[in-house]
Amino acid sequence: AQTVTQSQPEMSVQEAETVTLSCTYDTSESDYYLFWYKQPPSRQMILVIRQEAYKQQNATENRFSVNFQKAAKSFSLKISDSQLGDAAMYFCALVTQGTYKYIFGTGTRLKVLA
Amino acid sequence: ETGVTQTPRHLVMGMTNKKSLKCEQHLGHNAMYWYKQSAKKPLELMFVYSLEERVENNSVPSRFSPECPNSSHLFLHLHTLQPEDSALYLCASSQDWASNQPQHFGDGTRLSIL
């Protein structure tokens, strides 16, 4: 069975600082994809960043980057220079090549303090 | 402006009512999804449609009945719901099913069962 675990229900960060959100996963598949989605209070889930498991290089999208540790099955999201608009629920998700079914974590609520 | 539109945004209904949730995507995608989002739980995939055919049904109670008349529209018909069905219902679409393509989400319908 595939699982995604986000152990931090809530995190806070000061504006302009850096924060890291944790995600661990479990799958027996060797070919899979990992995603971070953001859900602001407006509710629409938006893709933040995506990582292919076969790529060793960590994905980066502007202020968002991941630390992908395949052996440890860890996929953390780093947000640099945090902005007020980053406040949202962040969901980690796993899609395996076999099932193509999205498995989501329980989410981490990020608060950005002015 | 979202490529996936859901109506209504909020719905309050009694357990004996019949109502429908609507989702429309303007992205030319071939796959559409219904998810249930409850507090402190991972998103639960309910149904998947690919080219108007249901390809996934995750043991969802029969009081939820999906309908996909064309690749742009997806409905979720509700009847005789229970209080535990109160949740945010999210619609999503992706280019194709059985792929690792990102999913695009709507704003959701907040459903409250009295």
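For clarity, every value in this text was computed on a predicted model and none was experimentally measured.

Caption draft 1: Highlighting the overall build of chain A. Within chain A, the secondary structure is distributed over zero helices and twelve strands. Mapped in sequence order, the helices and strands of chain A form the string β-β-β-β-β-β-β-β-β-β-β-β. Its C-alpha atoms give chain A a radius of gyration of 14 Å, within 12% of the compact-globule value 13 Å for 114 residues. The principal-axis extent of the C-alpha atoms belonging to chain A is close to 45 × 25 × 20 Å. A buried classification covers 48% of the 114 residues belonging to chain A. A sequence separation of at least 24 residues applies to 55% of the contacts in chain A between residues at least 6 apart. Considering chain A, the positive charge centre built from 11 side chains and the negative charge centre built from 10 side chains are found 5 Å apart.

Caption draft 2: Region of interest: the state of the cysteines. Enumeration according to the criterion identifies two disulfides over all chains in this entry. In this model Cys23 of chain A forms its disulfide with Cys92 of chain A; the gap between the sulfur atoms is 2.0 Å. Across the disulfide from Cys23 of chain A to Cys92 of chain A, rotation about the S-S bond amounts to roughly -70°, and the bridge is consequently left-handed. Here the residue Cys23 of chain A occupies a position in the loop between β3 (19-21) and β4 (24-26), and Cys92 of chain A occupies one in strand β10 (residues 88-96), the gap between them amounting to 69 residues. In this pair, the class of Cys23 of chain A matches that of Cys92 of chain A, namely buried. The disulfide bridge from Cys23 of chain B ends at Cys91 of chain B, spanning 1.9 Å between sulfur atoms. In this structure the cystine formed by Cys23 of chain B and Cys91 of chain B twists about its S-S bond by roughly -75°; its chirality is therefore left-handed. With Cys23 of chain B in strand β3 (residues 18-25) and Cys91 of chain B in strand β9 (residues 87-94), this residue pair connects regions lying 68 residues apart in the sequence.

Caption draft 3: View of the sheet that holds strand β7 (residues 64-70) of chain B. Residues and elements named next belong to chain B. Overall, antiparallel pairing links the four strands, which are arranged β1-β3-β8-β7 in an open sheet. Taken across any chain shown, the strands that pair with only one partner, and hence form the sheet edges, are β1 (4-7) and β7. Between one strand axis and the next, the sheet turns through 20° on average, direction left out of account. Pairing geometry for β7 and strand β8 (residues 73-79), over five bridges, is antiparallel.

Caption draft 4: Inspection of the environment of Pro40 of chain A at higher detail. Residue and element names in this part refer to chain A. Its location among the elements puts Pro40 in the loop between β5 (32-39) and β6 (46-52). For Pro40, a relative accessible area of 15% corresponds to the buried category. Note: C-alpha distance between Pro40 and Gln14 (26 residues apart in sequence) is 18 Å. Beyond its immediate sequence surroundings of up to four residues, Pro40 is in contact with Ile46, Ala87 and Ala88.

Caption draft 5: The packing of aromatic side chains, seen in detail. Residues and elements named next belong to chain B. Under the definition given, this model contains 14 aromatic pairs over all chains. Ring centres of Tyr35 and Phe105 lie 5.7 Å apart, and the angle between their planes is 40°; on these two criteria the pair is classed as tilted. Pair noted here: Tyr35 is in strand β4 (residues 31-37) and Phe105 is in strand β10 (residues 104-105), with a separation of 70 residues, a long-range link. For the pair shown, Tyr35 and Phe105 are each scored as buried.

Caption draft 6: Summary view of the environment of Tyr49 of chain B. All names here are of chain B. Its place among the elements puts Tyr49 in strand β5 (residues 44-50). Spatially, the C-alpha atom of Tyr49 lies 18 Å from that of Leu78, the residues being 29 residues apart in sequence. Discounting residues that sit within four places of it in the chain, Tyr49 has contacts with Asn30, Ala31, Met32, Arg54, Val55, Pro66, Glu67, Cys68 and Leu74. Looking at Tyr49, its side chain comes within polar contact range of the main-chain oxygen of Pro66, at 3.5 Å.

Thresholds applied
- Residues numbered from 1 in each chain as written.
- Chains lettered and ligands numbered in written order.
- Predicted model: local features only at pLDDT ≥ 70, side-chain atom pairs only at ≥ 80, totals over all residues.
- Heavy atoms only, no water.
- Helix = DSSP H or I, 4+ residues; strand = E, 2+ residues; numbered from the N terminus.
- Rg over C-alpha atoms; globule rule 2.2 N^0.38 Å.
- Buried < 20%, exposed > 50% of the residue type's maximum accessible area, 1.4 Å probe, protein only.
- Contact = heavy atoms within 4.5 Å.
- Lys, Arg positive; Asp, Glu negative; His and termini not counted.
- Charge placed at Lys NZ, Arg CZ, Asp CG, Glu CD.
- Disulfide = S-S within 2.5 Å.
- Pairing = 2+ DSSP bridges.
- Axes fitted to C-alpha atoms, helices over the stretch in contact; angles between N-to-C directions.
- Phe/Tyr/Trp six-rings, centres within 6.5 Å; stacked < 30°, edge-to-face > 60°.
- Polar contact = N/O pair within 3.5 Å; in protein donor to acceptor, adjacent residues only side chain to side chain.

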